[in-house]
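Reading the structure
Each chain, letter by letter, is given below.
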Amino acid sequence: STDTGTPSATDEAQSTRRVSILLCPAQFCVPSDYDVLFDSLLKAEARLNNDVEIGTCRVADLPRTEWIKVAKQLPTKAFLEAKLPVKKTLGWYFD
């Protein structure tokens, strides 16, 4: 066989990196708040043709009501001194 210098479909499939995106929402945000961002990412993927394939785009399930847990830390001395401990304040977020 002769090498044409053109990558075959097999070569292209092997060089494509498949990635998934898991986004941790910002304060008081929900998954639908990121629809435009994910749509833009998928359009950019198609337009750029840079050997990256986006498999899934998801937002971690975190209801807005969960942020109320942060409010428990607001009337504290640590809050007023800007010294809130991350683990105590946002431990629930990382769980």
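Here the structure is a predicted model, which is why all the values come from computation and not from measurement.

Calculation notes
- Residues numbered from 1 in each chain as written.
- Predicted model: local features only at pLDDT ≥ 70, side-chain atom pairs only at ≥ 80, totals over all residues.
- Heavy atoms only, no water.
- Helix = DSSP H or I, 4+ residues; strand = E, 2+ residues; numbered from the N terminus.
- Buried < 20%, exposed > 50% of the residue type's maximum accessible area, 1.4 Å probe, protein only.
- Contact = heavy atoms within 4.5 Å.
- Areas by Shrake-Rupley, 256 points an atom, 1.4 Å probe, with all protein chains shown as cover.
- Core = buried A, V, L, I, M, F, W, Y, C linked by side-chain atoms within 4.5 Å.

1. Some remarks on the overall build of the protein chain
Counting its regular elements, the protein chain contains 5 helices and 2 strands. Helices and strands in the protein chain line up, N terminus first, as α-β-α-β-α-α-α. When each of the 95 residues of the protein chain is scored for burial, the buried share is 17%. Taking the contacts inside the protein chain whose residues are at least 6 apart along the sequence as the reference set, 64% of them involve residues at least 24 apart. Carbon and sulfur atoms provide 56% of the accessible area of the protein chain, an area that totals close to 7,500 Å².

2. Things to note about the nonpolar core
Counting residues in each nonpolar core, the largest one holds 5 residues, listed as Leu 23, Cys 29, Tyr 34, Phe 38 and Val 59. Excluding its chain neighbours within four sequence positions, the residues that come into contact with Cys 29 are Tyr 34, Leu 62 and Arg 64.

3. Examining the environment of Asp 51
Here Asp 51 is to be found in the loop between helix H2 (35-48) and strand S2 (52-59). Between the C-alpha atoms of Asp 51 and Arg 17, which are 34 residues apart in sequence, the distance is 6.1 Å. Beyond its immediate sequence surroundings of up to four residues, Asp 51 is in contact with Ser 15, Thr 16 and Arg 17.

4. Here's the deal with unusual backbone geometry
Residues other than glycine seldom take positive phi values, yet Asp 51 does so here, at roughly 65°. Given a relative accessible area of 41%, Asp 51 falls into the partly exposed group. Residue Ala 82 is not a glycine yet carries a positive backbone phi of 55°. Structurally, the position occupied by Ala 82 is in the loop between helix H4 (77-80) and helix H5 (86-94).

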